[in-house]
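Coordinate analysis (summary)
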Amino acid sequence: LDPVKPYIKGDEPGRGFYVHRPGIHFVRNSCISQENYAHSLEKEIFLKPSFVTHKGLTDNDILLCKDANVGDACMYIEQRKSVTLFSSGIVRLNFLEDKLKYYCLAFFKDEYFRRQLDALTPRGATIRHAGDRFLECSIPELRSSEEWVFGLFEALVKNIAYSELVCQ
């Protein structure tokens, strides 16, 4: 991740900005699951256009839940040209290189990462909050002779995510 700004935290609009008709698309924690690589379009809600706080998500952004369903992650796939924002319980990760994001997403889906984050996250609250403890988790680094694997991870992760989206 970018050492200066490893992630961007989402925003919480509050009920007054929710609307029933299409407006600004809003990805909540419930849109991201442990099982899927793409987020669930059906669970998105809409916000008033006056809520736009930043430029929003871009195609193939990696999102990680830090609250509630801690450790769930997905790849955002742009389906429309409207702005899509995300909840304060989610972070958009800022990778130094694109090739790293698909490799990391694959590991976020693995029990190895989830157990680390689970051990670092306090228990006892109604809704769990991991904060930025995900930054303390380890993901295996590849040696230079193994870097050819990055292309395979990218192809596999994208194929799975796009296939899920078509099935939705």
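Here's what I pulled together on the structure shown here.

Reading the values: rules and limits
Residues numbered from 1 in each chain as written. Predicted model: local features only at pLDDT ≥ 70, side-chain atom pairs only at ≥ 80, totals over all residues. Heavy atoms only, no water. Patch = residues over 30% accessible without salt bridge, like charges linked within 9 Å, V, L, I, M, F, W, Y side chains within 5 Å. Areas by Shrake-Rupley, 256 points an atom, 1.4 Å probe, with all protein chains shown as cover. Salt bridge = Lys/Arg side-chain N within 4 Å of Asp/Glu carboxyl O. Helix = DSSP H or I, 4+ residues; strand = E, 2+ residues; numbered from the N terminus. Buried < 20%, exposed > 50% of the residue type's maximum accessible area, 1.4 Å probe, protein only. 1 Å grid on protein atoms, 1.4 Å probe; cavity = no way out; pocket = protein on both sides within 12 Å on 5 of 7 lines; lining within 4 Å. Points joined across faces, edges and corners; volume = space filled by probe spheres on them. Nonpolar A, V, L, I, M, F, W, Y, C, P; charged D, E, K, R; others polar. Disulfide = S-S within 2.5 Å.

**Observations regarding a nonpolar patch on the surface**
On the surface, Trp148, Leu152, Leu156 and Ile160 cluster together to form a nonpolar patch covering roughly 440 Å² of accessible area. For tryptophan 148, the location among the structural elements is in the loop between helix 2 (111-120) and helix 3 (149-167). Classification of tryptophan 148 as exposed rests on a relative accessible area of 60%.

**A few points about the pattern of salt bridges**
The tally for this structure, following the rule as stated, stands at 11 salt bridges. The shortest N-O distance in the salt bridge between lysine 101 and aspartate 98 comes to 3.5 Å. Separated by 3 residues within a single helix, lysine 101 and aspartate 98 lie in helix 1 (residues 98-108), roughly one turn from each other. You can call lysine 101 buried: its relative accessible area is 9%. Since its relative accessible area comes to 52%, aspartate 98 is described here as exposed. Residue arginine 143 pairs with glutamate 146 through a salt bridge whose shortest N-O separation is 2.8 Å. For arginine 143, a relative accessible area of 56% puts it in the exposed group. Each of the salt bridges in this network shares a partner with another, and the network as a whole consists of Glu97, Lys99 and Glu147.

**Describing the layout of surface pockets**
Volume-wise, the largest pocket comes out at about 470 Å³. Lining the largest pocket are 21 residues, and of these Leu1, Phe95, Cys104, Ile139 and Glu141 sit closest to its centre. Its residues assigned to classes, the lining of the largest pocket comprises 16 nonpolar, 1 polar and 4 charged.

**Observations regarding unusual backbone geometry**
Positive phi values are uncommon outside glycine, yet asparagine 60 reaches one of about 70 degrees. For asparagine 60, the location among the structural elements is in the loop between strand 4 (45-47) and strand 5 (62-65). Residue classification places asparagine 60 among the buried residues on the basis of a relative accessible area of 10%.

**Observations concerning the state of the cysteines**
Defined simply, a disulfide is a covalent bond joining two cysteines at their sulfur atoms. Summed over all chains, the structure comprises 0 disulfides. You can see cysteine 104 has no disulfide; the closest cysteine sulfur is in cysteine 137, sitting 11 Å from it. Classification of cysteine 104 as buried rests on a relative accessible area of 14%. Relative accessible area serves as the criterion here: at 13%, cysteine 137 is assigned to the buried category.

Interpretation note: all reported values are geometric properties and have no functional meaning in isolation.
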